[in-house]
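Inside the fold
Each chain is listed here by its residues.
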Amino acid sequence: MNASTPSEPTSRRAFLRHGARLLGMTALGALGGALAGRSRSEGWVWQIDPAKCLHCGNCATECVLEQSAVKCVHAFALCGYCNLCTGYFEPEPNALTTAAENQLCPTGAIQRTFIEDPYYEYTIDEELCIGCAKCVEGCSRFGNGSLFLQIRHDRCVNCNECAIARTCPGDAFRRVPASRPYLLKTSHAQ
Amino acid sequence: MKREFRLSTRREFLGQSAGALALLSAIAAQRASAAPTRARNPFAYDVSRLEKTDPRLVTHHEVARWPAPQSPARRLGLAPDGTLFVCGGHYVTAVSPAGERGLEIALSAPPECVAVAEDGAIFVGLRDHIEVFDANGRRRASWDAPGRKSWLTALAVRADDVFVADAGQRVLLRYDRSGKLLARLGEKNRERGIPGFIVPSPFFDVKVAPDGLLRVTNPGRHRVELYTPEGDFEGAWGRASMDITGFSGCCNPISLALLPDGRHVTCEKGLPRVKVYSATGEFESVVAGVESFAANAKACGASDCSRGGLDAVADAQGRIFILDRVTAEVRVMQRRA
Ligand code: SF4
Ligand code: SF4
Ligand code: SF4
């Protein structure tokens, strides 16, 4: 039950603190370690403004890395925990089951878990997510917009000129302080 | 809390991983050949087929259109004398069916919903409480907030009762005209056979039908439910489906109007469309399809759909007034001869 807005850059500490509650990110431990290792406490990193993202697909194909540093993240606080999740299911699924033909994600990166009738929780397997934004479009178009893309800084090599930013039709990439590297969606209702 | 079924088996997981690897190879091949900006998105979420309405299903045409008096425009109300009330900005404004503005009530916060009683009393729902005005716009009362999480999205008045849809608490509240809370209706109750409301976003509507029963949207279950004023569950109709006969997306319908003969008018978001269902819930026709709300459909795609949406009321002549919250316009729709 929310309307959402992208927030100001979120500090690494706040991101980590709220990670378990806000975001379906599976590698927070690795994230913390990787960030510390790269000592980016000074300087700037790239990030996607979720309010500007047009879900064009370039994030999956334009990153210099073999598997994009861009991943889908999930703001659970915004999620409706819908049975018919339009980020998880094809627009016209045969049935609301986890069968592969019903799933929207091209890599099967979204896990659907029953909570209680009729609520389901959706989490992203980052190893499988390629950042294609198909689920983001489905969730934004028909749902609460709780799925969105972020550059994961445990993966991103912080190119001087981000290869995706060059082609981004939404002009959604911007530099943010390395100490606050995420632009999370938050809830007016909180 | 329990899991209804297992997650991926090892074989499925390996299959998915193999699929991901194959996709990465395809992406690499595409990178080698593609220009920096491609015209086509290989991962497009394609609902274009559903954005076209069969013209044979469209029974109404637009006879007038006027701008909402204030924006952002949120909801419509209809007084018993046929005057429309439009919630927008920090105002509720009375408007004639031809679009001429009348009484305007300034509020301390954006109004979410409005209803007008037979005696002219105007009930306005702000996000967390109700304010009551007389027919001249003088404030007569302000009721206590029903709950910390309240998000009031609809009001319906019947004789001595005021029904309030609280999307934040997922409950229908029944008050008397003095603001005394009489009952909480529609909360999940196995013994009484009440399924409970699923309201993922702030769209939750209630109307009092001429048969005396309440019609309440249950968007997460993709249906309209019928309740007695005492809260007994009397039935439901509607089903989830992207095709025109059902309710699309995660959570629809978002609002509801009643025609004088008891038929229903429903509004959807995501695929913004307005349709007519019979008094018993069979799909009948389309008032306006997705093509009619291009900006509204796009608004939902760009960020999220809690800011888009449509609302409708139907007057005693069967005219349907549709508020497009994105363009802040009201369209007057009439059935084709
Ligand atoms: S390139 Fe830009 S518009 Fe396209 S998916 Fe990435 S952030 Fe969104
Ligand atoms: S649909 Fe695309 S962005 Fe969403 S989880 Fe799957 S791979 Fe990631
Ligand atoms: S900065 Fe480089 S590694 Fe990071 S997302 Fe952009 S292209 Fe990928």
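The model shown is predicted, which means the values in this text are computed figures rather than measured ones. (Residues numbered from 1 in each chain as written. Chains lettered and ligands numbered in written order. Predicted model: local features only at pLDDT ≥ 70, side-chain atom pairs only at ≥ 80, totals over all residues. Heavy atoms only, no water.)

**Description of the side chain of Asn252 of chain B**
Of note, Asn252 of chain B is situated in the loop between β17 (233–237) and β18 (255–258). Here the side chain of Asn252 of chain B touches Ser248 of chain B through a polar contact of 2.8 Å, landing on its backbone oxygen. (Helix = DSSP H or I, 4+ residues; strand = E, 2+ residues; numbered from the N terminus. Polar contact = N/O pair within 3.5 Å; in protein donor to acceptor, adjacent residues only side chain to side chain.)

**Some words on the state of the cysteines**
Between two cysteines, a covalent bond joining their sulfur atoms is known as a disulfide. Residue and element names in this part refer to chain B. Per the stated rule, a full pass over the model turns up 1 disulfide over all chains. Between the sulfur of Cys250 and that of Cys251 lies a disulfide, 2.2 Å long from S to S. Its relative accessible area of 1% is what places Cys251 among the buried residues. Of the cysteine sulfurs around Cys87, a residue in no disulfide, the closest is that of Cys113, at 6.5 Å. (Disulfide = S-S within 2.5 Å. Buried < 20%, exposed > 50% of the residue type's maximum accessible area, 1.4 Å probe, protein only.)

**A word on the side chain of Thr86 of chain A**
Take Thr86 of chain A: it is sitting in the loop between β3 (70–74) and β4 (110–116). Residue Thr86 of chain A is classed as buried on the basis of its relative accessible area of 4%. Reaching out from Thr86 of chain A, the side chain makes a polar contact with the backbone oxygen of Gly138 of chain A at a distance of 2.9 Å. Ignoring anything within four residues of it in the chain, the contact list for Thr86 of chain A reads Leu104, Gly138, Cys139, Phe142 and Gly143 of chain A together with Tyr45, Gly249 and Cys250 of chain B. (Contact = heavy atoms within 4.5 Å.)

**Concerning the site of ligand 2**
Among the 13 residues in the neighbourhood of ligand 2, the closest are listed as Cys105, Cys129, Cys132, Ala133 and Cys135 of chain A. When grouped by side-chain class, the residues that make up the shell around ligand 2 number 10 nonpolar, 2 polar and 1 charged. (Near = heavy atom within 4 Å. Nonpolar A, V, L, I, M, F, W, Y, C, P; charged D, E, K, R; others polar.)

**Observations regarding the nonpolar core**
Ranked by internal contacts, the top residues of the largest apolar core, which has 33 residues, are Ile48, Cys72, Leu149, Ile151 and Phe173 of chain A. If you list the elements that add at least two residues to this core, you get β2 (44–48), β3, β4, β5 (119–124), α4 (134–142) and β6 (147–151) of chain A. Core analysis: the next-biggest nonpolar cluster, separate from the first, contains 17 residues, Phe203, Leu259, Ala314 and Ile322 of chain B among them. (Core = buried A, V, L, I, M, F, W, Y, C linked by side-chain atoms within 4.5 Å.)

**Points about α4 of chain A**
Burial within α4 of chain A is extensive, with 9 of its 9 residues counted as buried. Looking at α4 of chain A, one finds that the buried residues are Lys134, Cys135, Val136, Glu137, Gly138, Cys139, Ser140, Arg141 and Phe142 of chain A.

**What to know about the site of ligand 1**
Ligand 1 sits among 14 residues. The nearest are Cys53, Leu54, Cys56, Cys59 and Cys168 of chain A. Broken down by class, the residue content of the shell around ligand 1 amounts to 11 nonpolar, 3 polar and no charged.

**Digging into the sheet that holds β18 of chain B**
Residue and element names in this part refer to chain B. Read from one edge of the open sheet, 4 strands run β18-β19-β20-β21, paired in antiparallel fashion. A strand with exactly one partner marks an edge of an open sheet, and here the two such strands are β18 and β21 (283–288). Neighbour-to-neighbour, the strand axes of the sheet open up by a mean angle of 25°, direction not taken into account. Direction of pairing for β18 relative to strand β19 (residues 264–268): antiparallel, over a ladder of 4 bridges. Counted as the bridge partner of Ala257 is Val265 from β19. (Pairing = 2+ DSSP bridges. Axes fitted to C-alpha atoms, helices over the stretch in contact; angles between N-to-C directions.)

**Describing the environment of Ala183 of chain B**
All names here are of chain B. Secondary-structure assignment places Ala183 in strand β13 (residues 181–185). Classification of Ala183 as partly exposed rests on a relative accessible area of 24%. Distance from Ala183 to Pro210, taken between C-alpha atoms, is 21 Å for residues 27 residues apart in sequence. Among all residues touching Ala183, those that are not within four sequence positions of it are Leu172, Leu173 and Arg174.

**Some remarks on the sheet that holds strand β5 (residues 101–106) of chain B**
Residue and element names in this part refer to chain B. One open sheet accounts for 4 strands, arranged β2-β3-β4-β5; its pairing is antiparallel. Unpaired on one side and paired on the other, β2 (73–78) and β5 mark the two borders of the sheet. The mean inter-strand angle of the sheet, taken between neighbouring strand axes irrespective of direction, is 20°. In this structure, strand β4 (residues 91–95) lies alongside β5, joined through 4 bridges in antiparallel fashion. Note on β5: the bridge partner recorded for Thr93 is Glu104.

Purely spatial values, then, with no claim about function.
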